[in-house]
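Coordinate analysis (summary)
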Amino acid sequence: MSWGTELWDQFDNLEKHTQWGIDVLEKYIKFVKERTEIELSYAKQLRNLSKKYQPKKNSKEEEEYRYTSTRAFLATLNEMNDYAGQHEVISENMTSLITGELTRYVQELKQERKSHFHDGRKAQQHIETCWKQLEASKRRFERDCKEADRAQQYFEKMDADINVTKADVEKARQQAQLRHQMAEDSKAEYSSTLQKFNSEQHDHYYTHIPNIFQKIQEMEERRIVKIGESMKTFAEVDRQVIPIIGKCLDEITKAAESIDHKNDSQLVIEAFKSGFEPPGDIDFEDFTQPMKRTVSESSLSNSRGEGKSEPKFGGKSKGKLWPFIKKNKIIETLLGTKSPKQQKEPLSHRFNEFMTSKPKIHCFRSLKRGLSLKLGAGPEDFSNLPPEQRRKKLQQKVDELNKDIQKEMDQRDALTKMKDVYIKNPQMGDAASVDHRLAELGQNIEKLRLEVQKFEGWLAEVEGRLPMRTEQPRRQSGLYEAQNTSAVNSCAQDRESSPDGSYTEEQSQETEMKVPATDFDDEFDDEEPLPTIGTCKALYTFEGQNEGTISVAEGEMLYVIEEDKGDGWTRIRRNEDEEGYVPTSYVEVYLDKNAKDVYKSLQKISE
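Quick caveat: nothing in here was measured; it's all calculated off a predicted structure.

**Considerations on the overall build of the chain**
Looking only at helices and strands, one finds 15 helices and 7 strands in the chain. Among the 607 residues that make up the chain, the fraction classed as buried is 35%. Put simply, of all contacts in the chain between residues at least 6 apart along the chain, 70% involve residues at least 24 apart. Roughly 37,900 Å² of accessible area belongs to the chain as shown, and the carbon and sulfur atoms make up 51% of that amount.

As structure tokens, this is what we get:
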């Protein structure tokens, strides 16, 4: 079955069909291109999705990924990233093996098709030229035959006419013979041309055209085979990544099966366990007996006389459950028993007098420390944390320091080897050039080791390997947020910080606070003025005649150390020795926002 024999007269239709075949191939190329774009877009979206839910570095989310369920989710995200990579592989392979290959093939196919149909048109033009030559020879032969007949008839007419001279008859005869000779020549030429045309036509339809059409047929069949191979490649590209995609899915399944709910529950215990003992029963205090109120010997407060040396974390204060105290009760506890005159004064005035009074200035310092803990700046030994959490933080710090030491030691070893090489081969470098860096590394290692010893000491203290200072236990609420108000507790119970990070507490006697004579008090022996929270301008002249007030002149600029608490008075300062209250309506106040926020934060600690 050949196009050359079966379709010898369908040159135009074959031209249209082969053009359609090229259009189909280009359409398939466009289809594959769009598929590759979809794969790339899908891979990009999967990667963005995986990146979106990845834990942020140095954030709280990283701590959440210690649970098996969140680790499984993280593994799923990583596998989805690899899954996206396989779709990128599909796109790349389809682009190189199908799109690029077919694009080059289409260009070659167009050139080959153009060449074959050019040869076909050339053969058609040749046979048409031969046909025209045959027609011209035929018309010439026909014309010469007609001219010979007319010449013969004219001769016969002249020969029969007796009136015509013999010379005219002879002339007519010669003309007739000439015409007959011309007709014979035309006949011979026509016969030769006809034979030639028949031969050309036979070669055209049985040799040239079949050969051309056969090449066109082969070209079209190659195109069909090529598009079939491309479709197989299209499927094979997908099939090649199926094992890897299956492996990704298997890993996701494996991660899901690794989820251990019991382990996660244990991690919650390790994360939030405080190490405190639950509070014991509260003893009944009989107020009907005419006797001094006794201090409960229960878990609410233990007598100092028992002298228990066993360390207990989370001390208990006498009869005070700090998280449940009403508003301003902590400040009232700090201020002590009110005199009849003080009962009429606003609490804010008494609080300011208390913070500027001499032996209690350390309470303001403790209050500031409590604020720093509440704002996130904890002590170096993590003493603000519950025992179990403190142990974990200290262990983590020790591990980090050991890693830093190992890193520094690795650098020192590398530099030492480099120095040895320089000593053996001076042309490679100066051995003395690394001495400075080696000295720095040695100092760094020594500092880090001292830090490790310090934190290991605190860790040993927490784990009970070293004796702790005797510490009277105080009642610990079930809500550990009360630790943020430890500064106020320390004021009420005279808590003192020690250089090694531990602390001691002395039980307060009723509402009277007794401060032991220690070096701590000497540190704050000099009374410091309250910090300024803004400035003010006096709108009117005020004569401060009452105790606690200060005189100001109109237009004078002064410092604000306490804003109006609703009683109509603002506390101001002129210099280090002159301060007092003025009516709020007499001044225009310009508060420093940062200072105001700090002051409000100090007040909120008591709430």
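Still to come is the rest of the account.
**Considerations on the pattern of salt bridges**
Summed over all chains, the structure comprises 23 salt bridges. Where glutamate 135 meets arginine 139, a salt bridge forms, and the shortest distance between an N and an O atom there is 4.0 Å. Placement of both glutamate 135 and arginine 139 in helix α4 (residues 68-160) is noted, with a separation of 4 residues, approximately one turn of the helix. Note on glutamate 135: relative accessible area 22%, which makes it partly exposed.

**Regarding the packing of aromatic side chains**
Per the counting criterion, the structure on display carries 12 aromatic pairs. With a centroid separation of 6.4 Å and 75 degrees between ring planes, the pair formed by tyrosine 53 and phenylalanine 73 is classed as edge-to-face. In this pair, tyrosine 53 sits in the loop between α2 (11-52) and α3 (60-64) while phenylalanine 73 sits in helix α4, placing the two residues 20 residues apart along the sequence. Here phenylalanine 73 falls in the partly exposed class, since its relative accessible area comes to 37%. A connected cluster of aromatic rings, assembled from ring pairs, spans Tyr540, Phe542, Trp569 and Tyr586.

**Focus on helix α11 (residues 387-424)**
Compared with an ideal rise of 1.5 Å per residue, which puts 38 residues at 56 Å, α11 spans 55 Å between its outermost C-alpha atoms and is within 8% of the ideal. Buried within α11 we find Pro387, Gln389, Arg390, Leu394, Val398, Leu401, Ile405, Glu408, Leu415 and Tyr422. At its buried positions, α11 is contacted by α6 (261-272) and α12 (435-463).

**Description of the nonpolar core**
Formed by 31 residues in total, the largest nonpolar core has its most connected members in Leu25, Tyr28, Met94, Ile98, Phe213 and Ile216. Those elements giving two or more residues to this core turn out to be α2, α4 and α5 (166-257). For this core, the element with the highest residue contribution is α4, accounting for 11 residues. Discounting residues that sit within four places of it in the chain, isoleucine 216 has contacts with Trp3, Thr18, His116 and Phe117.

**Here's the deal with the environment of arginine 223**
Along the chain, arginine 223 falls in helix α5. Separated by 198 residues in sequence, arginine 223 and leucine 25 place their C-alpha atoms 8.0 Å apart.

**Focus: the pairing of strand β6 (residues 579-583)**
Along β6, 4 of the 5 residues are buried, which leaves the element largely enclosed by surrounding structure. In this structure, the hairpin formed by strand β5 (residues 569-573) and β6 is closed by a connection of 5 residues.

**Re the side chain of aspartate 144**
Counting through the fold element by element, aspartate 144 comes out in helix α4. Buried charge without a partner: aspartate 144 forms no salt bridge, and the closest opposite charge is arginine 143, 4.2 Å away. With residues up to four places along the chain from it excluded, the contact list for aspartate 144 reads Arg179, Met182, Ala183 and Ser186.

**Structural notes on the packing of α2 against α4**
Look at α2 against α4: their axes get within 8 Å of each other, and the N-to-C directions meet at 165 degrees. As the angle between them shows, α2 and α4 are arranged roughly antiparallel. As α2 packs across α4, the resulting crossing turns out to be left-handed. Looking at the contact of α2 with α4 residue by residue, the classes come out as 23 nonpolar, 14 polar and 10 charged.

**Describing the packing of α4 against α5**
Where α4 meets α5, the closest approach of the two axes is 7 Å, and the angle between their N-to-C directions is 175 degrees. Considering the angle they form, α4 stands roughly antiparallel to α5. In terms of residue class, the contact of α4 with α5 is made up of 46 nonpolar, 19 polar and 23 charged.

**A closer look at the sheet that holds strand β4 (residues 557-562)**
Strand order in the open sheet formed by 5 strands is β6-β5-β4-β3-β7, and the pairing between neighbours is antiparallel. Whereas interior strands pair on both sides, the edge strands pair on one side only; in this sheet they are β6 and β7 (587-591). When the angles between neighbouring strand axes are averaged without regard to direction, this sheet yields 40 degrees. In this structure, strand β3 (residues 534-538) lies alongside β4, joined through 4 bridges in antiparallel fashion. Within β4, the residue paired with lysine 537 across the bridge is methionine 557.

**Re the environment of isoleucine 242**
Turning to its location among the elements, isoleucine 242 is positioned in helix α5. With relative accessibility at 51%, the residue isoleucine 242 sits in the exposed group. A sequence separation of 156 residues divides isoleucine 242 from glutamine 86, and the C-alpha atoms of the two residues are 8.8 Å apart.

**Looking at the confidence of the model for the chain**
In the predicted model, the chain carries a mean pLDDT of 76, and the fraction of residues at 70 or more is 71%. Note on residues 358-362: pLDDT is under 50 here. Beyond four places in sequence and across chains, it has 13 contacts. Scored below 50 in pLDDT, residues 368-376 shows 20 contacts in the model against residues more than four places distant or in partner chains.

**Looking at α6**
Between the first and last C-alpha of α6 there are 17 Å, a value that for 12 residues agrees with the 16 Å anticipated at 1.5 Å per step. All of the buried residues in α6 are Asp264, Leu267 and Ala271. Along the axis of α6, the buried residues cluster in a sector spanning 55 degrees; they form a single face. Residues of α6 that are buried make contact with α4 and α11. Regarding α6, its N-cap is aspartate 260, as a side-chain oxygen of that residue lies 3.1 Å from the backbone nitrogen of lysine 262 further along.

Calculation rules
Residues numbered from 1 in each chain as written. Predicted model: local features only at pLDDT ≥ 70, side-chain atom pairs only at ≥ 80, totals over all residues. Heavy atoms only, no water. Helix = DSSP H or I, 4+ residues; strand = E, 2+ residues; numbered from the N terminus. Buried < 20%, exposed > 50% of the residue type's maximum accessible area, 1.4 Å probe, protein only. Contact = heavy atoms within 4.5 Å. Areas by Shrake-Rupley, 256 points an atom, 1.4 Å probe, with all protein chains shown as cover. Salt bridge = Lys/Arg side-chain N within 4 Å of Asp/Glu carboxyl O. Phe/Tyr/Trp six-rings, centres within 6.5 Å; stacked < 30°, edge-to-face > 60°. Expected span 1.5 Å × (residues − 1). Core = buried A, V, L, I, M, F, W, Y, C linked by side-chain atoms within 4.5 Å. Pairing = 2+ DSSP bridges. Lys, Arg positive; Asp, Glu negative; His and termini not counted. Axes fitted to C-alpha atoms, helices over the stretch in contact; angles between N-to-C directions. Parallel < 35°, antiparallel > 145°, perpendicular 65-115°, else oblique. Left-handed = near helix turned anticlockwise from the far one by under 90°. Nonpolar A, V, L, I, M, F, W, Y, C, P; charged D, E, K, R; others polar. pLDDT = per-residue confidence, 0-100. Arc of directions from axis to C-beta. Polar contact = N/O pair within 3.5 Å; in protein donor to acceptor, adjacent residues only side chain to side chain.

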